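So you can see what is in the structure, the chains are spelled out below.
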Amino acid sequence: MSETVLRKPAVLASAQGGSRLRPEGDRSAFARMVIACLCVALVATVLFSLAFGASDASVLSVVKSLIAGSDTTDNALSVRDRIIIYDIRLPRVILGALIGASLAVSGAVMQGLFRNPLADPGIVGVSAGAGLGAVSIIVLGGTFLAPVIALFSLYALPLAAFFGALIFTLVLYRVATRRGQTSIATMLLAGIALGAMAAAYIGVLVYVADDKQLRDLTFWGLGSLAGANWVKIAASGPLIALALVISPFLARGLNGLALGEASASHLGIPVQRFKRIAIVTVAAATGASVAVSGGIGFVGVVVPHLLRLVIGPDHRYLLPAAALLGASLLLIADAVSRTIVAPSELPIGIVTAAVGAPFFLWILLRRRGILDL
């Protein structure tokens, strides 16, 4: 209880946007330093991911090639290495960084919106809704949904996942929130129910799918970046980028909500409109990510919780830090998935679940210990 009371002045100061109130425990300078370190770490992770693998290219030659450009005659890479770097690894790294950032930011926004560190798109059923939308397009795209495919072309899949995530997020919020207060038990149970409902409908779609669709759905459901290409980046990138651009503008509202909806309203925050914008942002980021990568879980709960322990609850710093760390961690997980069973590839969703599930249990036990005190 005392820790919560001590943190409130810092949150109030950031919610009001003022700089005069600086409590002793203010971690703004440290948070900025952490963000700078995360920027450096992300650049290093990107270069490592580009150079790491079957190619003989070194990090230095990759850097020289990126600076010189892929079409120059004095390129530092061989023709074979250029094809590997620019046609296979670069789109995979860009897509992985975008998805890691979007999942981490979505988790941070949901945790701030529900005022609960256990909220995460994958745990509370939002990713399941996105998956249902995506599977519907994959399986039924050649039937009565053919006009939708023809109308939206390559954007049909991420848009379907977006609307699936949006509907499930709205249902979750309405069920779990009562008079401005969100019940953690109701939220988790509602997430389980929504996930089970989505799994049932996906099961029906899998039952009617043909062999090719079944093969695609199997790998898609486990989560993977193996099929990353420039077309997928063009399809999902705009939605993810838009959500990431909007997210910093949610920081003040999330800081205000930490004090309760009444206090946030007194601070001049249009609470209901803000919640709608936050929900749509989470749905866009999660839906576009799930559409192209499948089920990659626990990034949204692990990254924000770790950062909250290090730099504090101020969303002005938490959201950009979550984007940077989420991108780096997913690229590291992708490197592990490519090498742990080489020359085969382990689905990245298995790697994130193997690390994230024990961490989630630790959060639950930690909260239980605090409550028991």
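Residues numbered from 1 in each chain as written. Predicted model: local features only at pLDDT ≥ 70, side-chain atom pairs only at ≥ 80, totals over all residues. Heavy atoms only, no water.

S.K.: Just give me the short version of the overall build of the protein chain, but keep the residues and values in it.
M.R.: Secondary structure summary: the protein chain contains 16 helices and 2 strands in total. The burial tally for the protein chain puts 50% of its 373 residues in the buried class. Considering only residue pairs separated by 6 or more positions, the protein chain has 76% of its internal contacts joining residues 24 or more positions apart. With an accessible surface of roughly 17700 Å², the protein chain has 69% of that area assigned to carbon and sulfur atoms. (Helix = DSSP H or I, 4+ residues; strand = E, 2+ residues; numbered from the N terminus. Buried < 20%, exposed > 50% of the residue type's maximum accessible area, 1.4 Å probe, protein only. Contact = heavy atoms within 4.5 Å. Areas by Shrake-Rupley, 256 points an atom, 1.4 Å probe, with all protein chains shown as cover.)

S.K.: Let's hear about the packing of helix α5 (residues 126-140) against helix α9 (residues 211-222): which residues, and what values?
M.R.: Where α5 meets α9, the axes come as close as 10 Å, and the angle between the chain directions of the two elements is 160 degrees. It follows from the interaxial angle that α5 and α9 lie roughly antiparallel. For the element pair α5 and α9, the recorded crossing hand is right-handed. Facing α5, whose interface residues are G131, A134, V135, I138 and V139, α9 presents Q213, L217 and W220. Within the contact of α5 with α9, the residues separate by chemical class into 6 nonpolar, 2 polar and no charged. (Axes fitted to C-alpha atoms, helices over the stretch in contact; angles between N-to-C directions. Parallel < 35°, antiparallel > 145°, perpendicular 65-115°, else oblique. Left-handed = near helix turned anticlockwise from the far one by under 90°. Nonpolar A, V, L, I, M, F, W, Y, C, P; charged D, E, K, R; others polar.)

S.K.: Describe in detail the side chain of H315, supporting the description with residues and values.
M.R.: Its location among the elements puts H315 in helix α15 (residues 315-339). H315 sits in the buried class, given a relative accessible area of 5%. Leave out the neighbours within four places in its chain, and H315 touches A108, G112, A251, L254, N255 and P320.

S.K.: Provide a residue-level description of unusual backbone geometry, including the pertinent values.
M.R.: The phi dihedral of R115 is positive, around 55 degrees, even though this residue is not glycine. Positionally, R115 belongs in the loop between α4 (79-114) and α5.

S.K.: Let's hear about helix α2 (residues 28-51): which residues, and what values?
M.R.: Its 24 residues place the ends of α2 35 Å apart at the C-alpha level, agreeing with the 34 Å of an ideal helix rising 1.5 Å per residue. Considered for burial, the residues of α2 that qualify are S28, A31, V34, I35, L38, L42, T45, S49, L50 and A51. On its buried face, α2 is in contact with α3 (59-68), α4, α14 (299-311) and α15. Once α2 ends, the next one or two residues include G53, with phi positive near 145 degrees. (Expected span 1.5 Å × (residues − 1).)

S.K.: How would you summarise the nonpolar core if you had to cite specific residues and measurements?
M.R.: Core analysis: the largest hydrophobic core is formed by 102 residues, its most contacted members being I99, V109, M110, F114, L172 and L307. Of all the elements, α4 adds the most residues to this core, at 17 residues. Contact partners of M110, with chain neighbours within four places excluded, come to R115, A119, D120, P121, V124, V126, L172 and V282. (Core = buried A, V, L, I, M, F, W, Y, C linked by side-chain atoms within 4.5 Å.)

S.K.: Report on α14, specifying residues and quantitative values.
M.R.: Spanning 13 residues, α14 covers 18 Å between terminal C-alpha atoms, matching the ideal 18 Å at 1.5 Å per step. With respect to burial, α14 is a largely interior element, 10 of its 13 residues being buried. Taken together, the buried positions of α14 are occupied by V299, G300, V301, V302, V303, P304, H305, L307, R308 and I311. One or two residues past the end of α14 sits G312, with phi positive at roughly 95 degrees.

S.K.: Run through the pattern of salt bridges, naming residues and quoting values.
M.R.: Within this structure, the stated rule accounts for 5 salt bridges. The partner of K275 in a salt bridge is E261, and the shortest N-O contact between them spans 3.0 Å. Taken together, the residues K275 in helix α13 (residues 271-293) and E261 in helix α12 (residues 261-266) connect sequence positions 14 residues apart. Of the two residues, K275 and E261, both sit in the buried class. Residue D314 pairs with R316 through a salt bridge whose shortest N-O separation is 2.6 Å. Judged by its relative accessible area of 32%, R316 is partly exposed. Here the residues in one salt-bridge network are R92, D334, R338 and E345, joined through shared partners. (Salt bridge = Lys/Arg side-chain N within 4 Å of Asp/Glu carboxyl O.)

S.K.: Outline the environment of V34, listing residues and values.
M.R.: Along the chain, V34 turns up in helix α2. Judged by relative accessible area, V34 falls into the buried class, the value being 14%. Spatially, the C-alpha atoms of V34 and Y317 are 9.2 Å apart, while their sequence positions differ by 283 residues. Setting aside anything within four residues of it in sequence, one finds V34 in contact with V310 and I311.

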